[in-house]
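Chain and residue survey
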Amino acid sequence: MNAQERKDLLVAAAKVRLGIIEGVYHAKSGHPGGSLSSADIFTYLYFKEMNINPQTPKDPNRDRFVLSKGHCAPGLYSVLANRGYFDVSELQKLRHIGAMLQGHPDMKGTPGVDMSSGSLGQGISAAVGMALAGKLDNKDYRVYTLLGDGESEEGQVWEAAMFAGNHALDNLVAVVDHNGLQIDGTIDEVNSAMPLADKFRAFKWHVIELAVGNDMAQIAAAFAEARKVSDSPVAIIAETVKGKGVSFMENQVGWHGKAPNDEQFEQAMAEGRITRMGAETDEAFLAHVMGQVNDQSAVERVADTFKMVYTPFHGTGYKLIPEALRRLGMKHVICVPEQMVIDGNFPTVVSPNPENPEGFYLAIDLARENDCLLYTSDAADDTPCVD
């Protein structure tokens, strides 16, 4: 995975998270926590790993995906919409009467859904059947399934695992979203299925453990390793963060299955948009800023410490960014290199022109003293920074 691919995947994952939040909010119900913890895995599967084409969703030679933890349908729907299986506007109709997107995946009514699921433990069984069918038909498609760690308390999971191992289904990859929380509390408090890795190994699976299951590089390495395995199915145990990407949802069991209110929705979307803009940053930005000052090391020190966003500050972004930053607890916005005053509820440092870098050093000092975001804007570009 090169730098551009990683950037594209991070941007896609940010969009998937925004879709999850939007869908659950408009539904006034649903499961955001596990959907958000799985967003990076969903993104890598649909934007990089799987052999799929949204234009031919029933292609018999396509790779298959089964969402075994079917209650996390908001995550699946968001990645399908962002991948082009249907319009993203459908996400706002989640769980509405007469709408396409039901509370759990429906293979008959939703393009891109390969298996209806919801009853925990049954999805991996369906995936095992698909993998076996591929072997019997001499097909080279691969089958992927995503489980929860709470779901792994179901006995049917291990019956399916035993069958897959005994039949050496090396075209099957099961990913366990191990975020440590389920509807009634932590998995340790309820009925822990740990050690998951040892259990899968006992059933003749090749096991890959991810220390940071929300890290795109680790996800990529895991799936690359899985493709090299023969004569056994693969289990990827991914240590994730429930509610990942929304500060007040992270590691909070209460966000397993409820929708945000209006204020929470605004905060979650603001955080998600900031993350998206950060993901859109490229190396050209640092070169652009470094070209404005004589002391390159000073810029590098700031780059190591603060999140730097290079995106136009116009259109809807003019009103969005100050409010989003305020909600995120940021005290200052530091604009480099264009002179700009932001109409917000916090002080602003306006950086100098390229011939006068002293103001940039002032910005560095202020950044070190306060919890702030270093923000750059190109006044020559009037493209809105947020769609």
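As shown above, the structure is provided for reference.
This section reports on the structure supplied with the text.

Procedures and definitions
Residues numbered from 1 in each chain as written. Predicted model: local features only at pLDDT ≥ 70, side-chain atom pairs only at ≥ 80, totals over all residues. Heavy atoms only, no water. Axes fitted to C-alpha atoms, helices over the stretch in contact; angles between N-to-C directions. Helix = DSSP H or I, 4+ residues; strand = E, 2+ residues; numbered from the N terminus. Parallel < 35°, antiparallel > 145°, perpendicular 65-115°, else oblique. Left-handed = near helix turned anticlockwise from the far one by under 90°. Contact = heavy atoms within 4.5 Å. Buried < 20%, exposed > 50% of the residue type's maximum accessible area, 1.4 Å probe, protein only. Pairing = 2+ DSSP bridges. Salt bridge = Lys/Arg side-chain N within 4 Å of Asp/Glu carboxyl O. Polar contact = N/O pair within 3.5 Å; in protein donor to acceptor, adjacent residues only side chain to side chain. Nonpolar A, V, L, I, M, F, W, Y, C, P; charged D, E, K, R; others polar. Core = buried A, V, L, I, M, F, W, Y, C linked by side-chain atoms within 4.5 Å.

**Comments concerning the packing of helix α3 (residues 39-49) against helix α9 (residues 216-227)**
Remark: α3 packs on α9, axes separated minimally by 10 Å, with the N-to-C direction vectors making an angle of 55 degrees. In terms of orientation, α3 and α9 fall into the oblique class. Judged by the twist between their axes, the crossing of α3 over α9 is right-handed. Here α3 contributes Asp40, Ile41, Tyr44, Leu45 and Glu49 to the contact with α9, which in turn contributes Met216, Ile219, Ala220, Phe223 and Arg227.

**Details of the pairing of strand β1 (residues 64-67)**
By the alternation rule, side chains of β1 split into Arg64 and Val66 and Phe65 and Leu67, which are all buried. In this sheet, strand β2 (residues 143-148) lies alongside β1 in parallel orientation, the contact comprising four bridges. From the neighbouring strand, valine 66 faces β2, where its bridge partner is threonine 145.

**As for the pattern of salt bridges**
The final tally for this structure, using the stated rule, is nine salt bridges. For arginine 62, the salt bridge identified is with aspartate 114, shortest N-O distance 2.9 Å. In this pair, arginine 62 sits in the loop between α3 and β1 while aspartate 114 sits in the loop between α4 (73-83) and α5 (122-136), placing the two residues 52 residues apart along the sequence. When sorted by exposure, arginine 62 lands in the same class as aspartate 114, which is buried. Aspartate 170 serves as the salt-bridge partner of lysine 135, at 2.4 Å between the closest nitrogen and oxygen.

**Details of the side chain of serine 68**
With respect to the helices and strands, the residue serine 68 is situated in the loop between β1 and α4. Judged by its relative accessible area of 0%, serine 68 falls in the buried class. Polar contacts involving the side chain of serine 68 include one to the main-chain amide nitrogen of isoleucine 124, which spans 3.0 Å.

**Quick look at the packing of α5 against helix α6 (residues 155-166)**
Where α5 meets α6, the axes come as close as 8 Å, and the angle between the chain directions of the two elements is 15 degrees. Looking at the two axes, α5 sits roughly parallel to α6. Seen from above, α5 lies across α6 with left-handed handedness. Along its contact with α5, which presents Gln122, Ile124, Ser125, Val128 and Leu132, the element α6 presents Gln156, Val157, Ala160, Phe163 and Ala164. Its residues assigned to classes, the contact of α5 with α6 comprises seven nonpolar, three polar and no charged.

**Structural notes on the nonpolar core**
Leu45, Tyr46, Phe65, Leu76, Val173, Phe223 and Ile236 are the most contacted members of the largest nonpolar core, which totals 53 residues. With eight residues, the top contributor of residues to this core is helix α1 (residues 3-27). Look past the residues within four positions of tyrosine 46 in its chain and what remains in contact with it is Ile52, Phe65, Leu76, Val79, Leu80, Arg83, Tyr85 and Gly112.

**Quick look at the sheet that holds strand β3 (residues 172-178)**
Spatial ordering of the open sheet is given by β1-β2-β3-β7-β6, a layout of five strands whose pairing is parallel. The sheet terminates laterally at β1 and β6 (206-210), the two strands that pair on one side only. The average angle at which neighbouring strand axes cross in this sheet is 15 degrees, direction not considered. Along the sheet face, α5 touches β1, β2 and β3 and points at about 165 degrees away from the line of β2. Packed onto the sheet, α9 meets β2, β3, β6 and β7 (234-239) and runs at close to 170 degrees relative to β6.

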